[in-house]
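One-letter residues, chain by chain:
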There are 2 protein chains.
Amino acid sequence: MFTKVLVVEDLDTVGYGISMMMKKELGIARVELTQYCDEAYLKLQKAQHDNQPFQLLITDLSFAQDHRPLQLDSGQALIEKIRDKDKDLPIIICTVEENPTMANQFIKANKISAYVLKGRDGLKDLKEAIQAVFSGHRFVSKKIAQQSNGQFAFEIEDYDVSLLLHLSHGLSQSQIARLFTNKGISPSSLSSIEKRLNRLKDVLKANNNVQLVANAKDLGLI
Amino acid sequence: MFTKVLVVEDLDTVGYGISMMMKKELGIARVELTQYCDEAYLKLQKAQHDNQPFQLLITDLSFAQDHRPLQLDSGQALIEKIRDKDKDLPIIICTVEENPTMANQFIKANKISAYVLKGRDGLKDLKEAIQAVFSGHRFVSKKIAQQSNGQFAFEIEDYDVSLLLHLSHGLSQSQIARLFTNKGISPSSLSSIEKRLNRLKDVLKANNNVQLVANAKDLGLI
DNA sequence: CACTTTTTTACGGAAAACCGTAAAAACACT
DNA sequence: AGTGTTTTTACGGTTTTCCGTAAAAAAGTG
């Protein structure tokens, strides 16, 4: 089994639970814990430099903001940064976010070894995942794996999200049109924006803009 | 210190962390853990019946859905049910939801003793909260307490919430007016609904209905 | 290039939201 | 009952959303 692992998790309740499980149930001697991505990256570098590198990284995706100014504000950013230099360190994502799209992408691009969903059996899943990764395998929590097959792979891109965000911030459709025109974002006409919103209303089963942003918020899209 | 505590938490990572902390750092001998509100209620009843009642309940607010059919689908429901019979059991809410409104209401109505936010220092807060509650005091996490000062907690009543809910479900203002008229809810005229929404827009700093429901969702009002 | 297909834009009319002002009704108080 | 206050309702005008249809532009194809 691994003997030196780094856990990146902002919620201390969760971090405590995870590291305790690893020590008690998997017998991992050195479990280090940090609540910030920046700090995690520094720890990894230092360990490398000291010739005592970590053998596994377990990280959350989203992190609550803080007083501290941060370079790396998400698990995603942390992973990208690590992969710039180190292609081999096994990484496990452990998150509440049901995001099959990015799970797929990251697994396929060999950027992560496992995607664990913090559900009712999150800890059990994580234990399995660690064992699988140690044996050189991949692991994806059931719920995510199911969704990945079902083509729920969303047809919603960044453009749509930004549209929804602006709406939720109180901008009118025409204001957004002007904004996009100025910023050189295309499509930018009022018509196109209406059309895009109609498609979104279709996908998210909404009658009007109000319900649209409500549903988008429920799905965690914005 | 308490000697017998029940923890209701669907995410096993969190539940594990909390119960470990309580055993190790607070020396609480009996920490029982359940992932379902229904089961929690049964456990409380059984313990009472066996003359070995729990001295403290720690519960989450939101619970992921499951295959199981549930009577009590939220921490809120669980608390209400408990308070029907038992007014004395100390209850601590421990959640990620930043909902100062309900924190206030529940604290004021004497329904809970503490509201702990699962943030970076959630576990630390929880420890403090348990100690405070044991000494007969209340406890509310800093972030929530700060927001509670924001005065709107009081100016928003059930009528407003139902208004916002209907909006978020895609009803137009006139549809809501008709609905309220039929149901005999007053005020029910389109004008009054507009007026009420304008007040809400003022309080929640929104330009239009879209931003209004977005903000209401952010605040956990709906 | 000529052609089809898709994407973006334009426009017009109906519905709804938005924003005043003001009357009517309900309430409170003496 | 009479007065003042608050709440509810009514209504008109303007803006924005909503929902078609259709032209213009861009992209894809043989």
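You'll find the structure just up there.
Starting afresh in each chain, residues are numbered from 1 along the sequence in its written order. Following the order in which they are written, the chains are lettered starting with A and the ligands numbered starting with 1. Given that the model is predicted, a residue must reach a pLDDT of at least 70 before its local features are reported, and side-chain atom pairs must reach 80 or more before they are shown or counted; all residues, however, enter totals for whole chains, interfaces and linings. With hydrogens and water set aside, each side-chain value is computed from the structure's full complement of heavy atoms.

(A) Focus on the protein's contact with DNA strand D. Neighbouring DNA strand D are 13 residues; Gln-173 and Asn-209 of chain A together with Ser-191, Ser-192 and Lys-195 of chain B lie closest to it. Proximity is defined per residue: if any heavy atom of the residue lies within 4 Å of a molecule or strand, that residue is considered near it. Across the atoms of DNA strand D situated within 4 Å of the protein, the share located in sugar and phosphate is 55%. A distance of 3.4 Å separates a phosphate oxygen of DNA strand D from a polar atom in the side chain of Lys-201 of chain A. With respect to DNA strand D, the side chain of Asn-209 of chain A contributes an N or O atom lying 2.9 Å from a phosphate oxygen. Within 3.5 Å is the distance limit for a polar contact, defined as a pair of N or O atoms, with the added protein rule that one can donate a hydrogen and the other accept it, and that residues adjacent in sequence qualify only through two side-chain atoms.

(B) Representation of the packing of helix H7 (residues 158–168) of chain A against helix H10 (residues 209–218) of chain A in the model. All names here are of chain A. For helices, the fitted line uses only the C-alpha atoms of the stretch in contact; every axis is such a line through C-alpha atoms, and the angle between N-to-C directions lies from 0 to 180 degrees. Numbered from the N terminus, helices here are DSSP runs of H or I no shorter than four residues, and strands are runs of E no shorter than two. It is at 10 Å that the axes of H7 and H10 come closest, and there the two elements cross at 115 degrees. Accordingly, the angle class assigned to the pair H7 and H10 is roughly perpendicular. Considering only the axes of H7 and H10, their crossing is left-handed. Contact residues: Leu-164, Leu-167 and Ser-168 in H7; Asn-209, Leu-212, Val-213 and Ala-216 in H10. In this scheme, roughly parallel covers angles under 35 degrees and roughly antiparallel covers those over 145, while 65 to 115 is roughly perpendicular and the rest are oblique. Here a crossing is taken to be left-handed if its near helix is turned anticlockwise relative to the far helix by less than a right angle, and right-handed if that turn runs clockwise. We call two residues in contact when some of their heavy atoms are within 4.5 Å.

(C) Structural context of the relation of the copies chain A and chain B. Least-squares superposition aligns the copies on the C-alpha atoms of those residues with pLDDT at or above 70 in both. Of the transformation placing chain A onto chain B, the axial shift is 1.5 Å and the rotation is 179 degrees, giving an RMSD of 1.7 Å. Such a turn and shift between the copies fits a two-fold axis. Using C-alpha coordinates, one finds that chain A approaches the rotation axis most closely at Gly-17 of chain A, a distance of 1.6 Å. In this assembly, 100% of the residues forming the interface of chain A have copies in chain B that are likewise at the interface, indicating an isologous arrangement.

(D) Spatial organisation of the side chain of Asp-125 of chain B. Residue and element names in this part refer to chain B. One can find Asp-125 in helix H5 (residues 122–134). Each residue is placed in one exposure class: buried if its accessible area under a 1.4 Å probe, protein chains only, is under 20% of its type's maximum, exposed if it is over 50%, and partly exposed if it falls in between. When charges are counted, Lys and Arg are positive and Asp and Glu negative, with His and the chain ends excluded. The salt bridge criterion pairs a side-chain nitrogen of Lys or Arg with a carboxyl oxygen of Asp or Glu, the two atoms within 4 Å. Of the buried charged residues, Asp-125 lacks a salt bridge, with Lys-124 as the closest side chain of opposite charge at 6.9 Å. Those residues in contact with Asp-125 that lie beyond four places of it in its chain are Val-116, Phe-139 and Ser-141.

(E) Region of the structure containing the protein's contact with DNA strand C. Close to DNA strand C lie 13 residues, the nearest being Ser-191, Ser-192 and Lys-195 of chain A together with Gln-173 and Asn-208 of chain B. Looking at DNA strand C alone, sugar and phosphate atoms form 54% of those within 4 Å of the protein. In the model, a phosphate oxygen of DNA strand C is placed 2.8 Å from a nitrogen or oxygen of the Ser-192 of chain A side chain. Here a phosphate oxygen of DNA strand C and a side-chain polar atom of Lys-201 of chain B are 3.3 Å apart. Mapped onto the surface near DNA strand C, the elements with two or more residues apiece are helix H9 (190–203) of chain A together with helix H8 (173–183) and helix H9 (190–203) of chain B.

It is worth stressing that arrangement in space is one thing and function is another; only the former is reported here.
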